[in-house]
Amino acid sequence: MALQGREELGEQVEESEDLDDQDASSISPAEEITLPPGPGGDEDPEEALLLPWDRFSTWLHCICVVGFDLELGQAVEVRGQPAHVKLHCSTKKKSLSYICYLSFPDSNSGCLGDTQFCFRFRQGSNRKSSLGCFLETTDRDAPPCLKREQGHYYGYVYFRQVRDKSLKRGYFQKSLVLISKMPYVTFFHSLLKIMAPEYFEKQEPCLEAACNDIDRWPTPHPGRILTLPIMGVVIKVRIPTSYDKPGTSQLVHLWTRPLCRIGWSVSPGLLNYTLPKSLPFYRCFYPVFFHIQMLWELVLLGEALVVMAPSPAESSDTVLALVSCISPLRYCSDFRPYFTIHDSEFKEYTTRTQAPPSVILGVTNPFFAKTLQHWPHIIRIGDMKQAGEMAKQMKVKKLKNLKTLDSKPGVYTAYKPYLNKDEEIIKQLQKGVQQKRPSAAQNAILRRYFLELTQSFIIPLERYVASLMPLQKSISPWKSPPQLRPFIQQDFMKTLEKAGPQLTSRLKGDWIGLYRHFLKSPNFDGWFRNRRREMTQKLEALHLEALCEEDLEQRVQMHSEVETVDLVLKLKDKLSQAEREQLPVRLGTLSKLRAHIEAVILALPEDLQGILHKPSTP
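By the naming in an unreviewed UniProt entry, the chain goes by DENN/MADD domain containing 6Aa and is assigned to Sander lucioperca. On record in UniProt, under Sequence similarities (unreviewed entry), the comment for the chain is "Belongs to the DENND6 family."

In structure tokens:
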């Protein structure tokens, strides 16, 4: 089955001819309900305009059920679709093929029982969503690591494999998959824990009910407590904002059980957005925690990195842990939590004719041990040990030693870190193992270490970029907003001598070399583009506020009608830009600007008033 909302997955390949003829009557439109008052319960005026399945589409693109067919292999089981919603996702043969292969573990993984993991795949074309205004609000207020994906989709998988003698193959194998642009990994894994067991027991009817429940949800809005009913359980979620204190960008789940029809409950608590609660951040790094600082450098610099793991769960969790270790800095290169030989980028990422791209891959197929042997940095992990066991000191191994399929776990690289090794964090974590410190405490120690290390690195950059902002007194309402000064690498490097990371970090080493390398990386490019856009918008907002403080009525008296009309048109453009880009202006600024525009128009002759009062054509 594949159920989805209005946004299209991508014009990647030709339409499938046989899927649009499927029975389209089995899923009814979602029923609108009024949420209880309170944070997240009050409906915005814009949300009242949403059509059926629009709410669903702000959270998910589609829901797929992937089964195993003896003749076809993995296949999406299409059973129906909303009668009034065209089935975009299911009509892309290659996209369906990727989802099918990525939704099942490799045959060598031997995953019996229930397994959860996630994957990420490239969108075929960057088609603009009809729900842009709601999604832009989510992106504007969310921290970098929780912003909506622009060119990729996430797939959140709940895979079940159990023995069944009644089947020819001898096993029941099926996956329930949620496809979304939202990187809410923990939330969607938790959601699948509610939906999947019920689906495997009751099949399509409960899945249809879940889709209708999701279409009653408010749109994802950072900073609000959202009430999300799903299959008899009510989840209360707060999506963090970019204004929250660094290190607290986590998704809060508060669970209640009104008339719960599921024999399952969850205690209220705080979950991290990137990792399932059953596999903490610390446990992902445990097999290689002697090298955590070097891995942080590799991720920071956007180096090509591959994780070889025994299962998709360990592969995807480790890749997500690596990506999040540089938080609050956003990882701007590609990453694939679970990558297979069937991915569309397989040839692109495994070719030996050019250097490996800036990407982190998580793989489980032994075939990759040879195919990716030319990659510069390889992490090989075995089965993740219990947190109470002591990890052995492992040296960094040379890539030439990674020749056989039974190579030992470790980090295979010729990379020499810029910074001296931090023995203190290693001793602190080892002491925690000896004293049987809870995994949650170890997790908090490691996360705080990475956060402080990243902040120490990024603060000098933030300080220098802030100095590129023109002074507020240089902003004149009757001139174009001033431009940001350019980023000059040599000038930035000079600031490090007195205001470098040594002010906040105890680590010694070649910080200058690390910065030089970072300034050439995709992570710097993405970070600086975002900061430049934010600062440019701030300048536009300050210019708008300065304009609103002027006495426009008095000014237009000194100008001709032609100049006054030109002023009105420019002010309207300013207002349109402020609303479109949601500029960070003071409260009441836009209302004051509208009043100014209206007053200036009323000072003109009636024939011009009629023309200027007409809405502008897009």
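Next comes the rest of the description.
Q: Got a minute to help me understand the overall build of the chain in this structure?
A: Within the chain, the regular secondary structure consists of 19 helices and 15 strands. Sequence separation of at least 24 residues holds for 74% of the intrachain contacts in the chain that already meet a minimum separation of 6. For the chain, the accessible surface area stands at approximately 28800 Å², while carbon and sulfur atoms represent 52% of it.

Q: Is there a simple way to explain the side chain of Lys174 in this structure?
A: Note that Lys174 resides in strand β6 (residues 171–180). Apart from residues lying up to four places away in sequence, Lys174 is in contact with Val65, Val66, Gly67, Glu77, Phe104, Tyr158, Phe159, Arg160, Tyr199, Phe200 and Gln203.

Q: Whenever I open this one, the pairing of strand β8 (residues 233–238) confuses me. Can you help?
A: The side chains of a regular strand alternate, first on one face of the sheet and then on the other. As defined by bridge partners, strand β7 (residues 225–230) adjoins β8 across six bridges and the pair is classed as antiparallel. Within β8, the position partnered with Ile225 by the bridge is Arg238. The turn joining β7 and β8, which pair antiparallel and follow one another in sequence, is formed by two residues; a positive phi near 55° is taken by Met231.

Q: What's the story with the sheet that holds strand β11 (residues 305–308) in this structure? I'm lost.
A: With respect to topology, five strands assemble into an open sheet ordered β12-β13-β11-β14-β15, the strand pairing being mixed. The two strands at the open ends of the sheet, each matched to only one other strand, are β12 (334–336) and β15 (410–413). Averaged over all pairs of adjacent strands, the angle between strand axes in this sheet comes to 10°, irrespective of strand direction. Across four bridges, strand β14 (residues 377–380) lies against β15 in antiparallel orientation. Looking at β15, one finds that His377 is bridged to Thr413.

Q: Where do I start with the packing of aromatic side chains in this structure?
A: Here a ring pair, both rings aromatic, is described through the centre-centre distance and the interplanar angle of the planes. The tally for this structure, following the rule as stated, stands at 43 aromatic pairs. An angle of 40° between the planes, with centres 5.5 Å apart, marks the rings of Tyr286 and Phe289 as tilted. In this structure, Tyr286 and Phe289 share a single accessibility class: buried. Seen from their ring centres, Phe346 and Phe368 are 6.0 Å apart, and the 70° between their planes marks the pair as edge-to-face. Taken as a pair, Phe346 in helix α9 (residues 346–350) and Phe368 in helix α10 (residues 368–371) lie far apart in primary sequence, 22 residues in all. Exposure class is identical for Phe346 and Phe368. Each is buried.

Q: Got a minute to help me understand the confidence of the model for the chain in this structure?
A: Low-pLDDT portions of the prediction should not be read for the details of their coordinates. Overall, the predicted model of the chain reaches an average pLDDT of 78, with 76% of residues at or above 70. Across the chain, the secondary-structure element scoring lowest on mean pLDDT is strand β10 (residues 269–271), at 31, and the one scoring highest is helix α14 (residues 511–518), at 97. Scored below 50 in pLDDT, residues 4–42 makes 110 contacts in the model with residues more than four places away or belonging to other chains. In the predicted structure, residues 257–279 sits below a pLDDT of 50 and forms 65 contacts with residues beyond four places in sequence or in another chain.

Q: So what exactly am I meant to see when it comes to helix α8 (residues 312–324) here?
A: An α-helical segment advances 3.6 residues per turn. Residues three or four places apart therefore align on the same side. For α8, built from 13 residues, the straight-helix expectation of 18 Å at 1.5 Å per residue is met to within 8% by its first-to-last C-alpha distance of 18 Å. Counting buried positions along α8 gives 13 out of 13 residues, so the element sits mostly inside the fold.

Q: How do you make sense of the packing of helix α12 (residues 439–466) against α14 when you look at a structure like this?
A: Between two packed helices, the angle of one axis relative to the other and the distance separating the axes together describe the packing. Contact geometry for α12 and α14: axes closest at 12 Å, N-to-C directions at 75°. Here α14 runs roughly perpendicular to α12, going by the angle between their axes. On α14, the residues touching Leu453, Ser456, Phe457, Pro460 and Leu461 of α12 are Trp511, Leu514, Tyr515 and Phe518. Of the residues assigned to the contact of α12 with α14, the class counts are eight nonpolar, one polar and no charged.

Q: Mind showing me how you'd approach helix α11 (residues 423–434) here?
A: Between its terminal C-alpha atoms α11 stretches 16 Å, which fits the 16 Å expected from 12 residues at 1.5 Å a residue. Among the residues making up α11, those that are buried are Ile425, Ile426, Leu429, Gly432 and Val433. Taken around the axis of α11, the buried residues stretch over an arc of 125°, which confines them to a single face. Turned more than 90 degrees away from the buried face of α11, the exposed residues are Lys427 and Gln434. In this fold, the buried residues of α11 make contact with α6 (281–285), α7 (292–300) and α12. Its side-chain oxygen at 3.1 Å from the backbone nitrogen of Glu424, Asp422 defines the N-terminal cap of α11.

Q: Quick question: what am I supposed to make of the packing of helix α13 (residues 489–499) against α14 here?
A: It is at 11 Å that the axes of α13 and α14 come closest, and there the two elements cross at 150°. Taken together, the axis directions place α13 and α14 in an arrangement best described as roughly antiparallel. Every pair of crossing elements has a handedness; the one defined by α13 and α14 is right-handed. On the side of α13, the interface is formed by Gln489, Phe492, Met493 and Leu496, while α14 contributes Ile512, Tyr515 and Arg516.

Q: Hey, could you run me through the environment of Lys508 in this one?
A: For Lys508, the location among the structural elements is in the loop between α13 and α14. C-alpha of Lys508 to C-alpha of Lys421: the two residues are 87 residues apart in sequence and 8.6 Å apart in space.

Q: Would you explain the pattern of salt bridges in this entry?
A: Taken as a whole and judged by the stated rule, the model has 22 salt bridges. Residues Arg122 and Glu348 are paired through a salt bridge, measuring 3.7 Å at the closest nitrogen-oxygen approach. Taken together, the residues Arg122 in strand β4 (residues 113–122) and Glu348 in helix α9 connect sequence positions 226 residues apart. The partly exposed category is assigned to Arg122, whose relative accessible area is 32%. Note on Glu348: relative accessible area 37%, which makes it partly exposed. With its nearest N and O atoms 2.9 Å apart, the salt bridge here joins Arg529 to Asp525.

Q: I keep staring at unusual backbone geometry and nothing clicks. Help me out?
A: For residues besides glycine, phi is generally negative; the peptide bonds are generally trans as well. Put simply, Ser327 and Pro328 share a cis peptide bond, and its omega is 15°. Among the structural elements, Pro328 can be located in the loop between α8 and β12.

Q: So what exactly am I meant to see when it comes to the state of the cysteines here?
A: Each disulfide is one covalent bond, formed between the sulfur atoms of two cysteines. By the definition in use, this model includes zero disulfides. Here Cys64 stays unpaired: no disulfide links it, and the sulfur of Cys62, its closest cysteine neighbor, is 3.8 Å away.

Criteria and thresholds
- Residues numbered from 1 in each chain as written.
- Predicted model: local features only at pLDDT ≥ 70, side-chain atom pairs only at ≥ 80, totals over all residues.
- Heavy atoms only, no water.
- UniProt positions renumbered as here; feature names shortened; annotations may be inferred.
- Helix = DSSP H or I, 4+ residues; strand = E, 2+ residues; numbered from the N terminus.
- Contact = heavy atoms within 4.5 Å.
- Areas by Shrake-Rupley, 256 points an atom, 1.4 Å probe, with all protein chains shown as cover.
- Pairing = 2+ DSSP bridges.
- Axes fitted to C-alpha atoms, helices over the stretch in contact; angles between N-to-C directions.
- Phe/Tyr/Trp six-rings, centres within 6.5 Å; stacked < 30°, edge-to-face > 60°.
- Buried < 20%, exposed > 50% of the residue type's maximum accessible area, 1.4 Å probe, protein only.
- pLDDT = per-residue confidence, 0-100.
- Expected span 1.5 Å × (residues − 1).
- Parallel < 35°, antiparallel > 145°, perpendicular 65-115°, else oblique.
- Nonpolar A, V, L, I, M, F, W, Y, C, P; charged D, E, K, R; others polar.
- Arc of directions from axis to C-beta.
- Polar contact = N/O pair within 3.5 Å; in protein donor to acceptor, adjacent residues only side chain to side chain.
- Left-handed = near helix turned anticlockwise from the far one by under 90°.
- Salt bridge = Lys/Arg side-chain N within 4 Å of Asp/Glu carboxyl O.
- Disulfide = S-S within 2.5 Å.

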